[in-house]
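Below are the chains, spelled out letter by letter.
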Amino acid sequence: MRRVIASLAFLFLLPLPALACDLQIVGRPLAVASYVEGARPCLDRPPAGYAFDETLEGRFLELINAERKAAGLPALKLRPELRDAARLHSLDMAVNGFFGHVGPDGRGHGERIAALDRTALADFSAENVATVSRPGARIGANFAVKRLHRNLMDSPSHRENILHPKATHVAFGVARTESGVWVTQLFMRVSGTLPRAAPLRVSAAQALEGRPAGLEGWRFVRYDMVAPSGEPVPAGGARAGRDARLAAYATQPGDDPLSYYWMRFPGPAVTITN
């Protein structure tokens, strides 16, 4: 009996198998909580034949900040919390054979940021995407990064994002195969940050604790949940399973002595539980 108990104990100590990455378009979760949970295995371990390239991501940061310096603009800070949203879109494009700013599930860059950056309060964001491939041949990293950067700078709308005066932070997601490279660049102005990562699931009546950092010049009042329409979600006013955005409500004195300006700084998306 002692030998059997020892064997069972050993089995319980064995690591559980990691969830496999599933980027199928059909059946992809709509609710943000399930979407993020499904994305994490892909971010931890991409499918066979695909990989993220941190070295190339660093090269894009160098090139973009060199362009901004030449234009008299401040350098962008790398935001690690934003990287997952960039990497997932690059991997999605590579695996599913599409190219653009809106994924097959209808999510644009704003929805991906709200899902995967769980602390940012941002009032500006933008996205660049680019790809280069040599079917049947190995593509060199140095060739790829230079070609992609030049193509982006030669495009007026992409160049505008790279040199946007509102941007303060950036993240890059580079997914590659032997013969192709896909890059997503996400630009953001971070107005403030939550004291800790927002939970994926929140009760409509649940009060978040802690004050956000940042929000310079603004007096933080409270956290709100905001519907896609932009209206605050009252406690009990949204059905379970629906998504909403967390937002920091803040004020500052207006031009007149008795007036105030107010602002809701949008943050991460959550799925409402009840």
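Residues numbered from 1 in each chain as written. Predicted model: local features only at pLDDT ≥ 70, side-chain atom pairs only at ≥ 80, totals over all residues. Heavy atoms only, no water.

**Overview of the overall build of the chain**
Stage number 1. From N to C terminus, the chain includes 7 helices and 10 strands.
Stage number 2. The dimensions of the chain, computed from C-alpha atoms along their principal axes, are 70 × 70 × 35 Å.
Stage number 3. For the chain, the residues scored as buried account for 44% of the 274 residues in total.
Stage number 4. Residue pairs in contact within the chain that sit at least 24 positions apart in sequence constitute 70% of those at least 6 positions apart.
Stage number 5. Carbon and sulfur atoms provide 56% of the accessible area of the chain, an area that totals close to 14,900 Å².
Stage number 6. Mean positive and mean negative side-chain charge positions of the chain (33 and 26 charges, respectively) differ by 4 Å. (Helix = DSSP H or I, 4+ residues; strand = E, 2+ residues; numbered from the N terminus. Buried < 20%, exposed > 50% of the residue type's maximum accessible area, 1.4 Å probe, protein only. Contact = heavy atoms within 4.5 Å. Areas by Shrake-Rupley, 256 points an atom, 1.4 Å probe, with all protein chains shown as cover. Lys, Arg positive; Asp, Glu negative; His and termini not counted. Charge placed at Lys NZ, Arg CZ, Asp CG, Glu CD.)

**Some words on the nonpolar core**
Stage number 1. Of all hydrophobic cores here, the largest spans 27 residues; its most connected members are Val-36, Leu-88, Leu-116 and Met-188.
Stage number 2. If near-sequence neighbours (up to four positions away) are discounted, Leu-88 is found in contact with Leu-23, Tyr-35, Ala-39, Cys-42, Leu-43 and Leu-116. (Core = buried A, V, L, I, M, F, W, Y, C linked by side-chain atoms within 4.5 Å.)

**Some points on the packing of helix H4 (residues 83-96) against helix H5 (residues 109-116)**
Stage number 1. Two elements in contact, H4 and H5, have axes whose closest approach is 8 Å; the angle formed by their N-to-C orientations is 130°. As summarised for this structure, H4 and H5 are arranged oblique, according to the angle between their axes. In terms of crossing hand, the pair formed by H4 and H5 is right-handed. Across from Asp-84, Ala-85, Leu-88 and His-89 in H4, the residues of H5 making contact are Arg-112, Ile-113 and Leu-116.
Stage number 2. For the contact of H4 with H5, the residue count by class is 4 nonpolar, 1 polar and 2 charged. (Axes fitted to C-alpha atoms, helices over the stretch in contact; angles between N-to-C directions. Parallel < 35°, antiparallel > 145°, perpendicular 65-115°, else oblique. Left-handed = near helix turned anticlockwise from the far one by under 90°. Nonpolar A, V, L, I, M, F, W, Y, C, P; charged D, E, K, R; others polar.)

**Considering the packing of aromatic side chains**
Stage number 1. On inspection of all chains with the given rule, the structure shows 4 aromatic pairs.
Stage number 2. Consider the rings of Phe-60 and Phe-172, whose centres lie 6.2 Å apart with planes at 20°: the pair is stacked. Of the two residues, Phe-60 sits in helix H3 (residues 54-70) while Phe-172 sits in strand S4 (residues 169-176), which places them 112 residues apart along the sequence. Each member of the pair, Phe-60 together with Phe-172, is buried. (Phe/Tyr/Trp six-rings, centres within 6.5 Å; stacked < 30°, edge-to-face > 60°.)

**With respect to the pairing of strand S10 (residues 260-272)**
Stage number 1. Two elements, strand S6 (residues 201-202) and S10, share 2 bridges in a ladder whose sense is parallel. Residue pairing in the sheet places Val-202 in a bridge with Ile-272 of S10.
Stage number 2. Where strand S9 (residues 243-253) and S10 come together, 10 bridges link them in antiparallel fashion. Counted as the bridge partner of Arg-245 is Ala-269 from S10.
Stage number 3. Linking two consecutive strands that pair antiparallel, namely S9 and S10, is a turn of 6 residues. (Pairing = 2+ DSSP bridges.)

**Notes on the side chain of Asn-65**
Stage number 1. Its place among the elements puts Asn-65 in helix H3.
Stage number 2. At 2.7 Å, the side chain of Asn-65 forms a polar contact with the backbone nitrogen of Leu-76. (Polar contact = N/O pair within 3.5 Å; in protein donor to acceptor, adjacent residues only side chain to side chain.)

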